[in-house]
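Notes for the structure review
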Amino acid sequence: MLTEAAVQAKCREIATTLGAFLGRNNSGAYSAKNPPTPGTRWGWCNDSAKFNAQYKTPDLIGWATVTITPEMVGRNVAVFLGAEVKDPQWHLTPGDKRAQAQLNCINHINAAGGIAGFVTDPSQLQQMIGDWKNGK
């Protein structure tokens, strides 16, 4: 069985074969035990502890390259891609506040036309991109 780290590495590898790119979205904040500078926060959309509690961005972010319809004559566009990687045994539960905040971000990305989801197996990333390209 793959570990979460192995799933993440495989997702990044698979992304390149699908014309996509995924980079690690490291996220965190200053603490006395791990000090850069007081008040320092890092990671996409990690503006404040209050915002981060409601809206957590995916572990991997990037884009999927898509050739759009004939109206735009073969032009390529980058469609936002986000993968929240979880241990293969993980399941979403209503009481998991962290995962619910991650789901909030995933839902916003998908509603805006991007591609995002939870990934516990690398094949799910391939499925997400394929579904988006097929209009599902």
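So, a few notes on the structure that sits alongside this text. Owing to the predicted nature of the structure, the values given are computational and were not obtained by experimental measurement.

It is worth spelling out the overall build of the protein at this point. Looking only at helices and strands, the protein features 4 helices and 6 strands. The linear arrangement of helices and strands in the protein, starting from the amino end, is α-β-β-β-α-β-β-α-β-α. The principal-axis extent of the C-alpha atoms belonging to the protein is close to 55 × 35 × 25 Å. Burial analysis of the protein (136 residues in total) assigns 35% to the buried set. Sequence separation of at least 24 residues holds for 55% of the intrachain contacts in the protein that already meet a minimum separation of 6. About 8,100 Å² of surface is accessible on the protein, with carbon and sulfur atoms providing 55% of the total.

On to the nonpolar core. If you look at the biggest cluster of nonpolar residues, it comprises 17 residues, and the most contacted ones within it are Leu81, Ile115 and Leu125. For this core, the secondary-structure elements that each account for two or more residues are helix 1 (4-17), strand 1 (20-24), strand 4 (60-67), strand 5 (76-85), strand 6 (115-119) and helix 4 (122-133).

Relative to the 16 Å expected for 12 residues at 1.5 Å per residue, helix 4 spans 18 Å between its end C-alpha atoms, a close match to the ideal helical length. Considered for burial, the residues of helix 4 that qualify are Pro122, Leu125, Met128 and Ile129. Across the axial projection of helix 4, the buried residues extend over an arc of 115 degrees, all falling on one side. Here the buried face of helix 4 lies against helix 1, strand 1, strand 5 and strand 6. A positive phi of about 75 degrees marks Gly135, the residue just after helix 4.

A separate point is the pattern of salt bridges. Applying the stated criterion across every chain yields a total of 3 salt bridges. Where Arg24 meets Asp59, a salt bridge forms, and the shortest distance between an N and an O atom there is 3.6 Å. Taken together, the positions of Arg24 in strand 1 and Asp59 in the loop between helix 2 (49-54) and strand 4 put the pair 35 residues apart, joining distant regions of the chain. Judged by its relative accessible area of 39%, Arg24 falls in the partly exposed class.

The sheet built from 4 strands is open, its strands ordered 1-4-5-6 with mixed pairing. What marks the edges here is a single partner per strand, and that holds for strand 1 and strand 6. For this sheet, the mean inter-axis angle between neighbouring strands, taken without regard to orientation, is 20 degrees. Inspection of the sheet shows strand 4 paired to strand 5 by 8 bridges, in the antiparallel sense. Across the sheet, residue Val66 finds its bridge partner in strand 5, namely Val77. The strands that helix 1 touches are strand 1, strand 4, strand 5 and strand 6; relative to strand 1, the one it contacts most, it runs at about 150 degrees. Of the strands in this sheet, strand 1, strand 4, strand 5 and strand 6 touch helix 4, which is tilted by about 155 degrees from strand 6.

Where helix 1 meets helix 4, the closest approach of the two axes is 8 Å, and the angle between their N-to-C directions is 35 degrees. Regarding helix 1 and helix 4, the two cross each other, and that crossing is right-handed. Across the interface between the two elements, Val7, Lys10, Cys11, Ile14 and Ala15 of helix 1 pack against Pro122, Leu125 and Gln126 of helix 4. Class assignment for the residues of the contact of helix 1 with helix 4 results in 6 nonpolar, 1 polar and 1 charged.

Criteria and thresholds
- Note on numbering: residues in each chain are counted from 1, in written sequence order.
- Under the rules for a predicted model, residues below a pLDDT of 70 receive no local features and side-chain atom pairs below 80 are neither given nor counted, while totals for whole chains, interfaces and linings still include all residues.
- Water and hydrogen atoms were dropped before computing side-chain values, which therefore reflect all heavy atoms in the structure.
- A helix here means a DSSP run of H or I that spans at least four residues, while a strand means a run of E at least two residues long, and both kinds are numbered starting from the N terminus.
- The buried label applies to any residue whose accessible area, calculated with a 1.4 Å probe on protein chains only, is under 20% of its type's maximum; exposed applies above 50%, and partly exposed to all values in between.
- Here, residues are in contact when the closest pair of their heavy atoms is within 4.5 Å.
- Each accessible area is a Shrake-Rupley estimate made with a 1.4 Å probe; only the visible protein chains count as cover when residues are assessed.
- We define the nonpolar core as a collection of buried residues of types Ala, Val, Leu, Ile, Met, Phe, Trp, Tyr and Cys that are connected through side-chain atoms lying within 4.5 Å of one another.
- To estimate how far a helix should extend, the number of its residues minus one is multiplied by 1.5 Å.
- Note that the arc is defined by the directions from the helix axis to the C-beta atoms.
- Counted as salt bridges are all cases of a side-chain nitrogen of Lys or Arg within 4 Å of a carboxyl oxygen of Asp or Glu.
- Paired strands are those between which DSSP finds at least two bridges.
- Here the axes come from fitting lines to C-alpha atoms, over the contacting stretch only for helices, and the angles between their N-to-C directions go from 0 to 180 degrees.
- Two helices cross in a left-handed way if the nearer one is turned anticlockwise from the farther one by less than a right angle. They cross in a right-handed way if the turn is clockwise.
- Under the scheme applied here, ten amino acids are nonpolar (Ala, Val, Leu, Ile, Met, Phe, Trp, Tyr, Cys and Pro), four are charged (Asp, Glu, Lys and Arg), and all others, including Gly, are polar.

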